[in-house]
Amino acid sequence: MNAPTQQPLPTTMPALFRRAAQIITVNGHWQGDYMPDPFDREISPVDVPHAMRPLSIVAALKCAATGDPGRASLLADNAIAVLAMRLEVDGELPQYGDVFSLEAHVDAWGDVEGRTAGQVVAVLEAAAGAEAVAA
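Novice: Just give me the short version of the environment of N78, but keep the residues and values in it.
Specialist: Residue position: N78 is located in helix 3 (residues 74-84). A relative accessible area of 37% places N78 in the partly exposed class. C-alpha of N78 to C-alpha of M13: the two residues are 65 residues apart in sequence and 8.1 Å apart in space.

Next up, the structure:
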């Protein structure tokens, strides 16, 4: 794993999606939670900081927006909402529009058995392109 670069935080949705794709490319895609050992019971954050662990899609978006995969931001919440409306889980879009339901929907898509980091990166890059065109 590489050390995170000191880049300015993204301020637009396309930049946020691209940064999240970069994070997944470098650190890997994690299924089942935000990251391995989110409560630091086995991995010390001194050894492997949260931002350098493999991340779920939601955690990667939050990390891209704030530098911390556990910290919320309005930009990340908006990106999660946009992404949730692009992804189907079992042929369905999200049933509820609150941020927690949208996060759960995006995570459910990412948690599908066999989902690869390449697929996640492709969806994030596609979302960046669509948002850039819409802007």
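Additional details are given in the paragraphs that follow.
Novice: Talk me through the packing of helix 1 (residues 13-27) against helix 3; I want residue IDs and the actual numbers.
Specialist: Direction vectors running N to C along helix 1 and helix 3 enclose 80 degrees, while the axes themselves pass 10 Å from each other. One element, helix 1, and the other, helix 3, form an angle in the roughly perpendicular class. Across from M13, L16 and F17 in helix 1, the residues of helix 3 making contact are L75, A76, N78, A79, V82 and L83. Class assignment of the residues belonging to the contact of helix 1 with helix 3 gives a composition of eight nonpolar, one polar and no charged.

Novice: Which residues make up the pattern of salt bridges, and what are the values?
Specialist: One pass over the full model with this rule turns up two salt bridges. Note that R53 and D40 form a salt bridge whose closest N and O atoms lie 2.8 Å from each other. Remark: D40 occurs in the loop between helix 1 and helix 2 (57-66) and R53 occurs in the loop between helix 1 and helix 2; sequence separation between them is 13 residues. A salt bridge links K62 to E103; its shortest N-O distance comes to 3.0 Å. Separated by 41 residues along the polypeptide, K62 in helix 2 and E103 in helix 4 (residues 99-110) bring together distant segments of the chain.

Novice: Account for the environment of A108, with residues named and values stated.
Specialist: By the secondary structure assignment, A108 is in helix 4. Look at A108 and you get partly exposed, because its relative accessible area is 31%. The sequence separation of A108 and V89 amounts to 19 residues, and the corresponding C-alpha distance is 6.9 Å.

Novice: Explain helix 1 to me, using residue names and the numbers behind them.
Specialist: Here helix 1 contains 15 residues, and its C-alpha end-to-end distance of 21 Å stays within 8% of the 21 Å for a straight helix at 1.5 Å per residue. Of all the residues in helix 1, the buried ones are M13, P14, L16, F17, R19, A20, A21, I23, I24 and N27. Check the buried side of helix 1 and you find it contacts helix 2, helix 3 and helix 5 (117-134). A side-chain oxygen of the first residue of helix 1 lies 3.3 Å from the backbone nitrogen of A15; this N-cap is T12. Trailing helix 1 by a residue or two, G28 shows a phi angle of about 105 degrees, which is positive.

Novice: So what's going on with the environment of V89? Which residues, and what values?
Specialist: Relative to the helices and strands, V89 resides in the loop between helix 3 and helix 4. For V89 and D111, which are 22 residues apart along the polypeptide, the C-alpha to C-alpha distance reads 10.0 Å. When neighbours within four sequence positions are excluded, V89 is seen to be in contact with H105, A108 and W109.

So, how was this worked out
Per-chain numbering applies: the sequence of each chain, read as written, is numbered from 1 onward. Since the coordinates come from a predicted model, pLDDT governs what is reported: local features require at least 70, and pairs of side-chain atoms require 80 or more to be given and counted, while whole-chain, interface and lining totals use all residues. Hydrogens and waters are ignored; side-chain quantities use all the structure's heavy atoms. Secondary structure elements follow DSSP: runs of H or I of four or more residues count as helices, runs of E of two or more count as strands, with numbering from the N terminus. For every residue, the accessible area obtained with a 1.4 Å probe (protein chains only) is divided by the maximum for its type, and the residue is called buried under 20%, exposed over 50%, and partly exposed between those limits. Note on method: axes are straight lines fitted to C-alpha atoms, helices fitted across the in-contact stretch only, with angles between N-to-C directions ranging 0 to 180 degrees. Here the angle decides the label: under 35 degrees means roughly parallel, over 145 means roughly antiparallel, 65 to 115 means roughly perpendicular, and every other value means oblique. Here, two residues are considered to be in contact whenever any of their heavy atoms come within 4.5 Å of each other. Polar here means any residue other than Ala, Val, Leu, Ile, Met, Phe, Trp, Tyr, Cys and Pro, which are nonpolar, and Asp, Glu, Lys and Arg, which are charged; Gly is therefore polar. Each reported salt bridge corresponds to a side-chain nitrogen of Lys or Arg within 4 Å of a carboxyl oxygen of Asp or Glu. Every helix has an expected span of 1.5 Å times one less than the residues it contains. Polar contact is the term for a pair of N or O atoms within 3.5 Å; when the atoms are in protein, one must be able to donate a hydrogen and the other to accept it, and sequence-neighboring residues count only if both atoms are side-chain atoms.

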